[in-house]
Amino acid sequence: MPSYFPLLPSICLHSLNKEIKSSTTLLNNTNNLKEFNQSRKNLKSIYIGTYKLSGLIWELISIKKCKYGEFFDITRNAINVKSNQMVVSLFKIQDEFPTSSRILPKPDSLRVDSSPVAERVSLNYHFEGTTTSYLGEYPYEMANIDKGSFWSFDALKEIPITSKSVKSFLILMNINRDAEKQSEVNLDIYNPHQKDESLHWKARQNSFTVINLEEINKALNSEKIHKTFFIQCKSCNFIPMFLSVDFNNKQLSLEHTHPPHSLLWGRDRLKVIKLLKDRWIIK
Amino acid sequence: MDHKIKSFFKKNIPGPLRNIFSVIYNRGSNPYSSKSSIFSQVNISDFFVWNPHVEKIDFIAENIRALFTGENVEVLHCFKFFSHEGEFLSEEKYKSNDFFSRIPLNGPPKSSFYSSFIHYIEAEKSFHKLVKIFFKNKLFFGEQNRGYCIYYPKNSLVGSAVHGNFGGIASKGKNLLARQRLFHLYTPVYKFESHNSYDLVFNNPTSSKINIQIILNKNSEEIHHLQINSLGTKSFKLENFAGSITFRSKLPICRPLLFKNVNGLKSVNFDVLHT
């Protein structure tokens, strides 16, 4: 199935007067295929349409014709959007993009066979000459889901007590093709040993929710700096990403956490995973 | 799977049979052995990269037993290290009852090459025993020990986090479920830049030697070759190159770990990612 390619939010730290800028790098190439299917590859130019969520409409920002094998970079600061406004790019074989639409157009796919791995892009963060990248996407099928649930954890955070120069952020991403789907949803963040004392946080469909994990540590009175907290939502799904930054050494790190179903494997794994969801999300 | 065939399977074939058909139809790209995909109950590990050039490596380990029972089930997180040639080197074990543990790894002694390791669990009760009370029928599933490595460059309080490489390694490294299939061409969407240096680190989770071609996509293709033993690891240093790279191998997905500016003068702008 095809994919949408988001432009991550820029992260502004007003207290330090610093900004971590985001960009997305796309490539006109089939990312994985069986060698004998090479003749099925699209070697022609494609079109990359980029939309921003404006009010209750997806509004076309730009169309870029991209030759086979050519990269295309989108930098948030170079386009007229807010730091956390939802921006999504998609591939089309033909130059057929509505200038505005309530429903985000279905992307075309460059895939030619059932080889593993979805179509992806480089999602990048930049800070004073350093860059961190993560290869990711937002699956088309997931963008058609109005309801869902979410469970994850913040074990990748970096919060050393001795340094004020280090920050970690959880970035929750939800994209829905329908621009009108922008409901507020509730997140519960909690110490798994004290689930009754959860912290309530607001997120929104079709948006990026950025959470400073230092604030979570303080709010949940964690004595252990690396105590792992769980994050859940009963009504919406998200892709979680963790950005850590050491402002002194200009070191960045961006990575996602696996969804719960990847803790197991085998044909019946989803039946067993339901136990995990029942334990942490439903109760 | 082609969309039309997928729709046909969905409409005409019931769930469990559909999985079996899907495994058979996609055999040419199935990273696991077909039999294990359908019938296996073993626990498997991803294949993680040990980098001897960074300051330290922390491992984020999940305790699946604790997560599923909601209780502090005590387990031993075990790490088994293999040399770059694929031979067993050393083992580390850490006791924990927490849901997630951050474990500073010692790694193999006197290592100067990139190498690889697996993560598995030793516990009083198997995961199957813990969850079987909830099910009437025999189920086919196993633990998948994922976990994350955090690689710290010198003088930084922030490391670069990345999950493990595809593994399918069971029975403490004695049962390898990953398979070599048809030749695949994988081109990660990553723009290499000439002012950065990169170490591309490949490991081989299959039971036989693997050949990998690294194709630098320039005006004229430049091709480099690697051969890696079973459970072995090899790296390829890339400098003064800008553009994209394609990997040709019999792995259905050949995704090396990429270390950017891992040492030397350019110790800034360090990054690690799973391509």
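Residue numbers here run from 1 along each chain, matching the order of that chain's written sequence. Here every chain gets a letter starting at A, and every ligand a number starting at 1, in the order they are written. Given that this is a predicted model, residues contribute local features only at a pLDDT of at least 70 and side-chain atom pairs are listed and counted only at 80 or more, while totals for whole chains, interfaces and linings are drawn from all residues. As a rule here, side-chain values cover all heavy atoms of the structure and leave hydrogens and water aside.

A. Representation of the overall build of chain B within the structure. For helices the rule is a DSSP run of H or I covering at least 4 residues; for strands it is a run of E covering at least 2, with both sets numbered from the N terminus onward. When its secondary structure is counted, chain B shows 5 helices and 19 strands. Counting only C-alpha atoms, chain B reaches 60 × 50 × 30 Å along its principal axes. Counting across all 275 residues of chain B, residues that qualify as buried make up 59%. Working rule for contacts: check all heavy atoms of both residues, and any pair within 4.5 Å makes them a contact. Of all intrachain contacts in chain B linking residues separated by at least 6 positions in sequence, the fraction that spans at least 24 positions is 72%. Accessible area for chain B stands at about 11,900 Å²; split by element, carbon and sulfur atoms hold 51% of it. Each residue gets one of three labels from its accessible area relative to the maximum for its type: buried under 20%, exposed over 50%, partly exposed in between, using a 1.4 Å probe on protein chains only. Throughout, the Shrake-Rupley method with a 1.4 Å probe supplies accessible areas, and for residues the shown protein chains are the sole cover considered.

B. Representation of the pattern of salt bridges in the model. One speaks of a salt bridge when a side-chain nitrogen belonging to Lys or Arg is within 4 Å of a carboxyl oxygen belonging to Asp or Glu. Overall, the coordinates contain 24 salt bridges over all chains when judged by the stated rule. A salt bridge links Asp154(A) to Lys157(A), with the shortest nitrogen-to-oxygen separation between them at 2.8 Å. Taken individually, Asp154(A) and Lys157(A) each receive the classification buried, so the pair is uniform in this respect. A salt bridge links Lys172(B) to Glu122(B); the shortest N-O distance between them is 3.4 Å. Here Lys172(B) is found in the loop between strand 10 (165-170) and strand 11 (175-176), whereas its partner Glu122(B) is found in strand 6 (residues 115-123), with 50 residues between them in sequence.

C. The arrangement of the interface of chain A and chain B in detail. Counting from both sides, the interface comprises 72 residues of chain A and, opposite them, 76 residues of chain B. For any pair of parts, buried area is found by adding up, for both, the accessible area (1.4 Å probe) each one loses once the two are put together. In this assembly, chain A packs against chain B so that about 6,300 Å² is buried in total across both faces, 59% of it on carbon and sulfur atoms. It is Gln251(A), Trp265(A) and Arg267(A) that lose the most area in chain A upon contact with chain B, and together they represent 15% of the buried surface on that side. Our count for the contact surface shared by chain A and chain B stands at 4 salt bridges. For Arg248(B), the salt bridge is made with Glu35(A), and the minimal N-O distance between the two is 2.5 Å. Polar contacts, as counted here, are pairs of nitrogen or oxygen atoms within 3.5 Å of one another; within protein the pair requires one atom able to donate a hydrogen and one able to accept it, and residues that are adjacent in sequence qualify only if both atoms are side-chain atoms. Inspection of the chain A/chain B interface yields 32 residue pairs in polar contact (both at pLDDT 80 or more).

D. Layout of the nonpolar core. Residues and elements named next belong to chain A. Core analysis: the biggest nonpolar cluster contains 49 residues, and Ile20, Trp58 and Tyr125 have the highest contact counts within it. Looking at this core, the element that brings in the most residues is strand 5 (residues 46-54), giving 5 residues. Where each domain starts and ends comes from a domain assignment, either automatic or drawn from a database. Split by domain, this core shows at least three residues from each of two domains, domain 1 (1-143) and domain 2 (145-283). The term nonpolar core refers to a set of buried residues drawn from Ala, Val, Leu, Ile, Met, Phe, Trp, Tyr and Cys, joined through side-chain atoms within 4.5 Å.

E. Region of the structure containing the packing of aromatic side chains. Residue and element names in this part refer to chain B. Whether two aromatic rings pair depends on their centres lying within 6.5 Å, for rings of Phe, Tyr and Trp, where Trp uses its six-membered ring; planes under 30 degrees apart make the pair stacked, over 60 edge-to-face, and the rest tilted. Within the structure shown, the criterion is met by 33 aromatic pairs over all chains. Geometrically, the ring pair formed by Trp50 and Phe81 is edge-to-face, given 5.7 Å between the ring centres and 90° between the ring planes. Remark: Phe81 occurs in strand 3 (residues 75-82) and Trp50 occurs in strand 1 (residues 44-50); sequence separation between them is 31 residues. Judged by relative accessible area, Trp50 falls into the buried class, the value being 7%.

Coordinates in, geometry out; function isn't part of it.
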